[in-house]
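Understanding the architecture of this molecule
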Amino acid sequence: MARTYFGTDGIRGRANGGKLNAAVAMKVGQAAGQYFMRGAHKHRVVIGKDTRLSGYMMENALVAGFTSVGMDVIMTGPLPTPAVALLTREMRADIGVMISASHNPYDDNGIKLFGPDGFKLSDEAEEQIEAAMHAEQTLAEGDAIGRARRIEDARGRYIHAVKQSLPADVRLDGLKIVVDCAHGACYNSTPTAIWELGAEVIAMGVEPNGLNINDGVGSTHLDAIKARVVEEGAHIGIALDGDADRLIVIDEKGHEVDGDQIMALIGSRWGKDGRLQGGGVVATVMSNLGLERFLHSEGLELIRTKVGDRYVLEAMKAGGYNVGGEQSGHMILLDHATTGDGTIAALQVLAALVRTGKPASELLHLFDPVPQLLKNVRYETGDPLEAANVKAAIAQGESELEGKGRLVIRKSGTEPLIRVMAEGDDGAQVEQVVDAICAAVSEAV
């Protein structure tokens, strides 16, 4: 069925817009609640959120939806997405909900759903929930209506779990670390966890006001943390996004380290330590060809999926892999978490920094990326990829890059954008191919 609400990462859109408002959120609560009403036990849902102003509205609407079909609700307040997945399992909940639009600006919001195992829902489950949103719900009556309560120790539980992921023989004493929390969900938990492990923490992006999440800070706005790392003489910088499931590292020279280099580090080190499962790393079609070549040189595979951390996770579970992620910084380490966790991934990087004694600029430069260029073209309606001129431009680009690079054209799963990516050993050729296809798309729209 055609999807009205769910995209590649749950539901996301402008808060109080047509796709995402209080009425929609209540329907999600009712439909998801009914979907997970299995068995005779008292059913419960864990709901967390990031720091957006609209989170209050969305939380209340979801609570109304879930309780109206007979589910008890546990609210955690602001908490990283991976913490909600963790608490869903730990509290034996039937479903977990994270209210967040990740790295998007404050006036967007979203709803991410987790099953009782702490994993994101499959496409099939989301489709059934979406279908139920269009149907009339069976409401609970009398004493079957659900109750709601807020727990106060959710953040502490998550901090404890995060710290357990760092090898017991590793301390962070002597490290000066800049931590950018994007004024988002981890504004307290990540700096606290890293400080408790012994590091000197310089925290930024830790003053959320409901309107400033991801505003000039965080993993998608790196200028501020780059300058701060150099200014403070820090050993490394850690930049997270609004819901803390994404990590970008800044080395001591102020240079950005993306998810591909982080996967290369963790995958190769775990491989040498005998911890890597499946004989490789899972990433998306967007990961650089340089990563693939590096892993092959280490005797490891790179398994590619379509874009979206949920598809990375599905491939990891199907193939028995425990390391996967995206170039954009989602890192999934199944030994420690069921979804992307930027803080846990950061601790693996910090452990390698301590054990090797190498500066971050050396430790996290394991391969030279081949020239890669990504450009976006916005559209309003229709399907530009079906236009004859766009198809011809794509065919021409594929012909030019054959045997020398890759071309990936796709629609964004969260915004009305056509994403055009090419990579190859000849940077000028890559740029020419991307520009030609973007021009064709612009003409078509």
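Structure first, text after, so check above.
We now turn to the structure provided with this report. (Residues numbered from 1 in each chain as written. Predicted model: local features only at pLDDT ≥ 70, side-chain atom pairs only at ≥ 80, totals over all residues. Heavy atoms only, no water.)

**A closer look at helix H3 (residues 81–90)**
Short version of the rule: Only protein chains enter the area calculation, which uses a 1.4 Å probe; residues under 20% of their type maximum are buried, those over 50% are exposed, and those in between are partly exposed. Secondary structure is summarised from DSSP: a helix means a run of H or I of at least four residues, a strand means a run of E of at least two, and numbering begins at the N terminus for each. For this analysis, residues touch if any pair of their heavy atoms sits within 4.5 Å.
Within H3, 8 of the 10 residues are buried, which leaves it mostly tucked inside the rest of the structure. Those residues of H3 not exposed but buried are Thr81, Pro82, Ala83, Val84, Ala85, Leu86, Leu87 and Thr88. Residues of H3 that are buried make contact with strand S3 (44–49), strand S4 (72–78), strand S5 (95–99), strand S6 (108–114) and helix H5 (154–164). Phi for Arg92, located one or two positions after H3, is positive at around 55 degrees.

**Some thoughts on the pairing of strand S14 (residues 301–305)**
Here is the rule: Pairs of strands are assigned from DSSP output, requiring at least two bridges between the strands. If you view a crossover with the strands going away from you and the path from the first strand over the helix to the second runs clockwise, you call it right-handed.
Pairing of strand S13 (residues 280–284) with S14 involves 5 bridges; the strand directions are parallel. When the bridges of S14 are listed, Ala283 appears paired with Arg304. Handedness of the crossover joining S13 and S14 through helix H9 (residues 289–297) is recorded here as right-handed.

**Examining the pairing of strand S2 (residues 10–14)**
On a regular strand, each side chain points to the face opposite its neighbour's, so the side chains alternate between the two faces of the sheet. Of all the 5 residues making up S2, 4 are buried; the element is thus mostly covered by neighbouring parts of the structure. For strand S1 (residues 6–7) and S2, the ladder comprises 2 bridges, and the chain directions are antiparallel. Counted as the bridge partner of Phe6 is Ile11 from S2. Adjacent in sequence and paired antiparallel, S1 and S2 are bridged by 2 residues. Where S2 lies against S6, 4 bridges are found, and the strand directions are antiparallel. Residue pairing for S6: Gly13 is matched across the bridge by Asn109.

Just geometry here; none of it tells us what the structure is for.
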